[in-house]
Amino acid sequence: MDDSVYVGNAGEDAPLDRGWLLGHFKEAGDPRHSDAVEIKWGVHPAGDERGEWVRGEERTALQVLVSGRFRVEFPGRSVVLARQGDYVVWGKGVDHSWVAEEDSTVLTVRWPSVAGYAVPAAEEA
């Protein structure tokens, strides 16, 4: 078997690392380890929300709605992802938070992969 290939299922693997499938937090040598990008399969029940705002963002992010209805909050602006495939992109320096308005699944891609954004005992996006 080639150790540079990993085959998995997002629904099964995501809960093992708070939804994150790929990023700096995976062990070195794991094909899912990356300092360049992070990918999350976020499954959120209705009413789930980020524990606190991300402030001083150092990454760029893309968030795509797979199912449900998901609201991303920015200073002075709310973006609602309501149709499968709706997405939002934000860059460095953009503070944000989020709320699942319905049971939702979202795919989040962030780059680069850097430590320091986890909220204790809460999901992050």
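Residues numbered from 1 in each chain as written. Predicted model: local features only at pLDDT ≥ 70, side-chain atom pairs only at ≥ 80, totals over all residues. Heavy atoms only, no water.

Colleague: Is there a simple way to think about the pattern of salt bridges in this case?
Modeller: When their charged atoms lie close together, side chains carrying opposite charge are able to pair. Throughout the structure, instances matching the rule amount to ten salt bridges. We note a salt bridge from Arg 83 to Asp 86, for which the minimum N-O separation is 3.7 Å. The class for Arg 83 is exposed, based on a relative accessible area of 61%. The exposure class of Asp 86 is buried, given its relative accessible area of 17%. Via salt bridges that share partners, Glu 38, Glu 57, Arg 59 and Arg 110 belong to a single interconnected network. (Salt bridge = Lys/Arg side-chain N within 4 Å of Asp/Glu carboxyl O. Buried < 20%, exposed > 50% of the residue type's maximum accessible area, 1.4 Å probe, protein only.)

Colleague: What am I meant to see in the sheet that holds strand β8 (residues 104-111) here?
Modeller: Hydrogen bonds along the backbone pair up the strands of a sheet, which may run parallel or antiparallel. Pairing in this open sheet of five strands is antiparallel, and the strands run β1-β2-β8-β3-β6 from one edge to the other. What marks the edges here is a single partner per strand, and that holds for β1 (20-22) and β6 (87-90). Across the sheet, the mean angle from the axis of one strand to that of its neighbour is 20°, orientation sign disregarded. The pairing of strand β3 (residues 60-67) with β6 spans four bridges and is classified as antiparallel. Bridge assignment links Val 64 to a residue of β6, and that residue is Tyr 87. (Pairing = 2+ DSSP bridges. Helix = DSSP H or I, 4+ residues; strand = E, 2+ residues; numbered from the N terminus. Axes fitted to C-alpha atoms, helices over the stretch in contact; angles between N-to-C directions.)

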